[in-house]
There are 2 protein chains.
Amino acid sequence: MAIAVKRALSLLELFTESASEIGLSDAARLSGHDKATVHRLLGTLREAELVEQDPHTKLYRIGPAVLRLARVREKSTPLLSVVQPLLDQITQETGETSHFSLYTGDALTVVASCTSSRPNHVALNKMEVLPMHATASGLAYLAYCKKELRDRALAQNLPSFTRWTVTEAEGIKQVLEDVRHSGFAIADKSYDDDSFGIAVPIFGAADGTAMGALAVAAPIYRMTEPVRAKIVELLRETSSELSRRMGFLIPATFG
Amino acid sequence: MAIAVKRALSLLELFTESASEIGLSDAARLSGHDKATVHRLLGTLREAELVEQDPHTKLYRIGPAVLRLARVREKSTPLLSVVQPLLDQITQETGETSHFSLYTGDALTVVASCTSSRPNHVALNKMEVLPMHATASGLAYLAYCKKELRDRALAQNLPSFTRWTVTEAEGIKQVLEDVRHSGFAIADKSYDDDSFGIAVPIFGAADGTAMGALAVAAPIYRMTEPVRAKIVELLRETSSELSRRMGFLIPATFG
DNA sequence: CTGTATGGTTTATAGTGTGAACCGATGGTT
DNA sequence: AACCATCGGTTCACACTATAAACCATACAG
């Protein structure tokens, strides 16, 4: 049902952060539909300004209407405005950098963060893309996302960032078991030789799966056992608080 | 052409910041389509997660896919990440609310803002859509947009918001002359009895016309002559900075 | 020049989307 | 309790829309 609409909307999924601009032929190939069809659908999406077309290169890209919709979404389902103060508080209490990331279709992207004010701290940029298998956030997400999504992520060729990065799917699945058991994920030098990350999943999808992760990262040497314990406790509390404030669902199997 | 798709996308326009959640019947009424049709289209939009449905109230609202798209858009066309810090700076230096709006097909829409922290300030809550003829942003935009667009905007029946709102097309055209002469627009009680706005156009369209506006709004009593001068200077500087950072074009006739 | 890309357009035909009418549930009103 | 007006959601025959193959026009490389 609503096949044409479904096709049009599926075209939007072709636009990713790694391929943010697409030509007509590529779109037709990738979507598997006829060029004429794709052309008309993109034309309609363009009329609604959900996509726009570069007048010179003819490439299509996501359009300005999305910005308006994002604002409306933020109104009905505040996220950034709720998360930011919580991050600020975490960083204040721990002294370490905290960040919040969301799954965006092909990766986990940092959408809000609070950077530690200490001279030596873990830095990250907004919009930074986090590898699923090597970061605490990625592991926390993988442990609680849809199975198909997890399988797809692990089926890819996983790059190694340090000598401690686990890159075999089986090894990672083992780790994810531990994550599900403890309720939080850690990344001990697996992404950066000097950093240690701790993360908890954030639930929000209607089906009770994760939508992102909340994490704290610090230089290894400061991540002593008591500090770790405190961070885990804080993340847990904050996760609950977030769920409460957002009306998120937490699966009974969690916590 | 692509009627079903167009209808589906037009449903997205029903969601505004003042009505961020909509029920099926309302949506059918507002869109003018049959309930069954709207139900099916919303269902399809929901599958794509462009909208989501509250499991309890059954109301529809903008979905999480929009967040992903906004991030992709931000990748191909950075805007918010460039504009937001500039707004923050303007508000910090002036102490007043600043905002950035874009033309979105039939109106000027606020896409980013920084609200003054002073006890009494101009709020943007219900201002997601700015009337062209009564706000500083609207006038700044009208003065530098495509002629046909301006004519169409002025041909409509223009509502009056205060006793100072100019609603005759000829009077407004006069005002636009002044705007083009000075390079900035003001809205002195024309939209709100207690507010004074100052705005400059932002250029970006390939043809050298405006794409939006950058503005500062403050309570009348604080908008003294020296404050106005400072704001104008700040807006001018910021506009140039924005153009530089975004690769925007500024017409030789401006500034 | 030719081969192969690109973006874009046309058209008969297959099949999808439409909307009036209907259902069951909920919540006020009398 | 009966009633009425909503609500969200569903059904189905018919009408009309969307489809995809074949078609341009253009651009670039060999």
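What counts, and where the lines are drawn
Residues numbered from 1 in each chain as written. Chains lettered and ligands numbered in written order. Predicted model: local features only at pLDDT ≥ 70, side-chain atom pairs only at ≥ 80, totals over all residues. Heavy atoms only, no water. Near = heavy atom within 4 Å. Polar contact = N/O pair within 3.5 Å; in protein donor to acceptor, adjacent residues only side chain to side chain. Helix = DSSP H or I, 4+ residues; strand = E, 2+ residues; numbered from the N terminus. Contact = heavy atoms within 4.5 Å. Buried area = accessible area lost by both parts, 1.4 Å probe. Salt bridge = Lys/Arg side-chain N within 4 Å of Asp/Glu carboxyl O. Buried < 20%, exposed > 50% of the residue type's maximum accessible area, 1.4 Å probe, protein only. Arc of directions from axis to C-beta. Pairing = 2+ DSSP bridges. Axes fitted to C-alpha atoms, helices over the stretch in contact; angles between N-to-C directions. Parallel < 35°, antiparallel > 145°, perpendicular 65-115°, else oblique. Left-handed = near helix turned anticlockwise from the far one by under 90°. Nonpolar A, V, L, I, M, F, W, Y, C, P; charged D, E, K, R; others polar. Phe/Tyr/Trp six-rings, centres within 6.5 Å; stacked < 30°, edge-to-face > 60°.

1. Remarks on the protein's contact with DNA strand D
Around DNA strand D, the structure places 20 residues, and the nearest of them are A:R40, B:I3, B:S25, B:K35 and B:Y60. When atoms of DNA strand D within 4 Å of the protein are split into backbone and base, the sugar-phosphate part holds 67%. The separation between a phosphate oxygen of DNA strand D and a polar side-chain atom of A:T37 is 3.4 Å. In the environment of DNA strand D, a sugar or linking oxygen lies 3.5 Å from a nitrogen or oxygen atom belonging to the side chain of B:H39. Elements represented by at least two residues in the surface near DNA strand D include exactly α1 (3-12) and α3 (35-47) of chain A together with α1 (3-12), α2 (24-31) and α3 (35-47) of chain B.

2. Details of the interface of chain B and chain A
Facing the 50 residues of chain B at the interface are 46 residues of chain A. Interface of chain B and chain A: buried area, both sides summed, is about 4300 Å²; carbon and sulfur atoms make up 70% of it. The largest contributions to the chain B side of the interface with chain A come from B:R68, B:R71 and B:R73, which together make up 17% of the buried area. Our enumeration of links across chain B and chain A arrives at four salt bridges. In this structure, the salt-bridge partner of A:E47 is B:K6, at a minimum N-O distance of 3.4 Å. Applying the counting criterion to the chain B and chain A interface returns ten residue pairs in polar contact (both at pLDDT 80 or more).

3. Quick word on α2(B)
Residue and element names in this part refer to chain B. When we look at burial in α2, the residues that qualify are A27, A28 and S31. The arc enclosing the buried residues of α2, seen along the axis, measures out at 100°, which places them on a common side. More than 90 degrees from the buried face of α2, the exposed residues found are R29 and L30. Packed against the buried residues of α2 are α1, β1 (21-22) and α3. Backbone geometry just after α2 places G32 at a positive phi near 80°.

4. Some remarks on the sheet that holds strand β8 (residues 195-203) of chain A
Residue and element names in this part refer to chain A. In space, the six strands of this open sheet follow the order β6-β5-β4-β9-β8-β7, with antiparallel pairing throughout. With partners counted over all chains shown, the strands left at the sheet margins are β6 (129-130) and β7 (185-188), one partner each. In this structure, β8 lies alongside strand β9 (residues 210-219), joined through nine bridges in antiparallel fashion. Its bridge partner lying in β9, I202 is registered against G212. Strand contacts of helix α5 (residues 80-94): β4 (97-103), β5 (108-114) and β9, with the helix running at about 60° to β5, the strand carrying the most contacts.

5. So, the packing of helix α7 (residues 147-155) of chain B against helix α8 (residues 169-182) of chain B
All names here are of chain B. Running from N to C, α7 and α8 cross one another at 140°; their axes reach a closest spacing of 10 Å. Judged on the interaxial angle alone, α8 and α7 are oblique. In terms of crossing hand, the pair formed by α7 and α8 is right-handed. Here R150, D151 and L154 of α7 come into contact with α8, specifically with A169, I172, K173, L176 and R180.

6. Some remarks on the protein's contact with DNA strand C
Around DNA strand C lies a shell of 19 residues, among which A:I3, A:L24, A:S25, B:D34 and B:R40 are the nearest. For DNA strand C, the backbone portion of the atoms within 4 Å of the protein, that is sugar and phosphate, comes to 69%. Within the backbone of A:I3, an N or O atom sits 2.4 Å from a phosphate oxygen of DNA strand C. Contacts to DNA strand C include A:Q53, whose side-chain N or O atom sits 3.2 Å from a phosphate oxygen. Secondary structure elements with two or more residues in the surface near DNA strand C: α1, α2 (24-31) and α3 of chain A together with α1 and α3 of chain B. Taken together, the residues of the surface near DNA strand C sort by class into nine nonpolar, five polar and five charged.

7. Comments concerning the sheet that holds strand β3 (residues 60-62) of chain A
Pairing is antiparallel across the open sheet formed by three strands, whose spatial order is β1-β3-β2 (chain A). In this open sheet, the two strands that pair with only one neighbour each are β1 (21-22) and β2 (51-53) of chain A. Taken strand by strand, helix α4 (residues 65-76) of chain B contacts β1, β2 and β3 of chain A, and its axis lies near 125° from that of β3(A).

8. Brief notes about the packing of helix α6 (residues 136-144) of chain B against α8(B)
Residues and elements named next belong to chain B. The interhelical angle for the contact between α6 and α8, taken along N-to-C directions, is 80°, at an axis separation of 9 Å. As judged from the angle between their axes, α6 and α8 are roughly perpendicular. Every residue of α8 that contacts α6 at L139, A140, L142, A143 and Y144 is listed here: I172, V175, L176, V179 and R180. When its residues are assigned to classes, the contact of α6 with α8 shows nine nonpolar, no polar and one charged.

9. Examining the side chain of B:R222
Residue and element names in this part refer to chain B. Tracing the backbone shows R222 in the loop between β9 (210-219) and α9 (225-246). Given a relative accessible area of 15%, R222 falls into the buried group. When near neighbours in sequence (up to four residues on either side) are disregarded, R222 contacts E96, R118, N120, H121 and V227.

10. A few points about the packing of aromatic side chains
Applying the stated criterion across every chain yields a total of six aromatic pairs over all chains. Consider the rings of A:Y103 and A:Y141, whose centres lie 5.0 Å apart with planes at 10°: the pair is stacked. Of this pair, A:Y103 sits in strand β4 while A:Y141 sits in helix α6 (residues 136-144), placing them 38 residues apart in sequence. Geometrically, the ring pair formed by B:F161 and B:Y191 is edge-to-face, given 4.8 Å between the ring centres and 75° between the ring planes. Here B:Y191 lies in the loop between β7 (185-188) and β8 (195-203) and B:F161 lies in the loop between α7 and α8, a separation of 30 residues in the sequence. Judged by relative accessible area, B:F161 falls into the partly exposed class, the value being 36%.

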